[in-house]
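Structural features, examined
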Amino acid sequence: MKPGIHPEYNEITVTCSCGEVFTTRSTNSKPLRIEVCSACHPFYTGRQKIVDTAGRVEKFRQKYGSKASV
C-alpha cells in the first residue's frame, strides 16, 4: 500500500434495532445504527415474519388457496 493515500481504518460499534451490538472496522469514525443484522434477519434465523395488513394475506389464501396448493 502506498503511504499517505488511504483513509484511517477505525474500530466502530454497530448497534442493531433488535439490540445486538458488535464491533467492526471501518473508515467511518462514528458509531453505526442499523435496522437488520444477522441475529434478526429471517434468512439467517430461519424464522419468517409475515406482516398482515388488514387481512390481505388471509384474503389472498381464501381466493387462491385451492389453486396455489397444486
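This section reports on the structure supplied with the text. Residue positions are given per chain, counted from 1 along the sequence in the order it is written. Per-residue local features of the predicted model are confined to residues with pLDDT of at least 70, and side-chain atom pairs are confined, for both listing and counting, to 80 or more; whole-chain, interface and lining totals are unaffected and use all residues. For side-chain calculations, the full set of non-hydrogen atoms in the structure is used, while hydrogens and water are omitted.

Strand pairing follows a simple DSSP-based rule, namely that at least 2 bridges must link the two strands. Here a helix means four or more residues in a row that DSSP labels H or I, a strand means two or more in a row labelled E, and each is numbered from the N terminus. Across the sheet, three strands lie side by side as 2-1-3; this open sheet has mixed pairing. Looking at the sheet topology across the chains shown, the edges are occupied by strand 2 (21–26) and strand 3 (32–34). Strand-to-strand, the axes of this sheet are offset by a mean angle of 35 degrees, without reference to chain direction. Note: strand 1 (residues 10–16) against strand 3, three bridges, orientation parallel. Each residue of the ladder has a partner; that of valine 14, found in strand 3, is leucine 32. Here an angle of 0 to 180 degrees is reported between the N-to-C directions of two axes, which are lines fitted to C-alpha atoms, with helices fitted over the stretch in contact.

Limitation: the analysis is restricted to geometry and does not speak to function.
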